[in-house]
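# Structural overview
Single-letter residue listing:
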Amino acid sequence: MKPIINLNDLMQEKLYNMYEGEKRLKKSLPKILLKVTDVRLRSIINIFIEEQENQIWRLKQIFEELFLQKTGGKSEAIKAMLNEAHELISNSMDPEVMDAGVITALQPIIHYQIAAYGAICNYANTLDLFRVAEKNHLNLEEKKSMDKKLVILAEEWVNLKAKEINL
């Protein structure tokens, strides 16, 4: 990591981290999808995968606009959360419980991304990089929407099905 001297450097570092994190998540989501049994959850994760392609594409556009290389990020936070997600999912034996575990595993990743994209938007607006802010804002809104979909599905269906296992 290069020294972070100013707000622009901080924004670039977060962009690198998000790009690397999105690529890492892109590799993991199909593996997670294989474990999912609920049709609605599968549909939501498929949307997540499709949106992720667009999010990575927008990040690439930002790198081009800012004349940045697409290297430098480590995404250690997302890597750690994905490791925890795979561990949680691999330890869930019952399909209904596993589906609840998948949601539980994905939400911290999405919350981290919401915070990061929000910060990048703020930095970009502060730096008068309004197109950068706009592209990141689209990523931010997609992440927020995904979180809402997962929360609703968990509360209205998946968690109730998992609860029946103990009855």
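Before any of the text, the structure's been laid out above.
Residues numbered from 1 in each chain as written. Predicted model: local features only at pLDDT ≥ 70, side-chain atom pairs only at ≥ 80, totals over all residues. Heavy atoms only, no water.

So, on to the pattern of salt bridges. One pass over the full model with this rule turns up eight salt bridges. Across the salt bridge formed by Glu 53 and Lys 26, the nearest N and O atoms sit 3.0 Å from each other. Here Lys 26 lies in helix α1 (residues 7-35) and Glu 53 lies in helix α2 (residues 39-65), a separation of 27 residues in the sequence. The partly exposed category is assigned to Glu 53, whose relative accessible area is 38%. (Salt bridge = Lys/Arg side-chain N within 4 Å of Asp/Glu carboxyl O. Helix = DSSP H or I, 4+ residues; strand = E, 2+ residues; numbered from the N terminus. Buried < 20%, exposed > 50% of the residue type's maximum accessible area, 1.4 Å probe, protein only.)

Turning our eyes to something else, we now look at helix α3 (residues 76-90). Every α-helix winds through 3.6 residues per turn, so residues three or four apart in the chain are directed the same way. End to end, α3 covers 21 Å across 15 residues, agreeing with the expected 21 Å (1.5 Å per residue, within 8%). Within α3, burial applies to Ile 78, Met 81, Leu 82, Ala 85 and Ile 89. The buried residues of α3 occupy one face: seen down the axis, they fall within an arc of 100°. Relative to its buried face, α3 has exposed residues pointing more than 90 degrees away, namely Glu 84 and Glu 87. (Expected span 1.5 Å × (residues − 1). Arc of directions from axis to C-beta.)

The next point concerns the packing of aromatic side chains. Following the criterion strictly, the structure yields two aromatic pairs and no others. For the pair Tyr 16 and Phe 63, a centre-to-centre distance of 5.5 Å together with 15° between the ring planes defines the contact as stacked. Within this pair, whereas Tyr 16 is found in helix α1, its partner Phe 63 is found in helix α2, the two being separated by 47 residues in sequence. Grouping residues by exposure puts Tyr 16 and Phe 63 together as buried. Centre to centre, the rings of Tyr 19 and Phe 63 are 5.3 Å apart; their planes meet at 85°, and the pair counts as edge-to-face. Of the two residues, Tyr 19 is situated in helix α1 and Phe 63 in helix α2; the sequence distance between them amounts to 44 residues. Stacked on the ring of Trp 157, the Lys or Arg Arg 40 has its end atom at 4.2 Å from the ring centre. (Phe/Tyr/Trp six-rings, centres within 6.5 Å; stacked < 30°, edge-to-face > 60°. Lys NZ or Arg CZ within 6 Å of the ring centre and 35° of its normal.)

This paragraph deals with the packing of α2 against helix α4 (residues 95-126). Where α2 contacts α4, the two axes come as close as 13 Å, and the packing angle between them is 25°. The angle between the axes of α2 and α4 places the two elements in the roughly parallel class. Judged by the sense of rotation from one axis to the other, the crossing of α2 with α4 is left-handed. Mapping the contact onto sequence places Leu 41, Ile 45, Phe 48, Gln 55 and Leu 59 in α2 and Asp 99, Val 102, Ile 103, Leu 106, Ile 110, Gln 113 and Tyr 117 in α4. Class assignment for the residues of the contact of α2 with α4 results in nine nonpolar, two polar and one charged. (Axes fitted to C-alpha atoms, helices over the stretch in contact; angles between N-to-C directions. Parallel < 35°, antiparallel > 145°, perpendicular 65-115°, else oblique. Left-handed = near helix turned anticlockwise from the far one by under 90°. Contact = heavy atoms within 4.5 Å. Nonpolar A, V, L, I, M, F, W, Y, C, P; charged D, E, K, R; others polar.)

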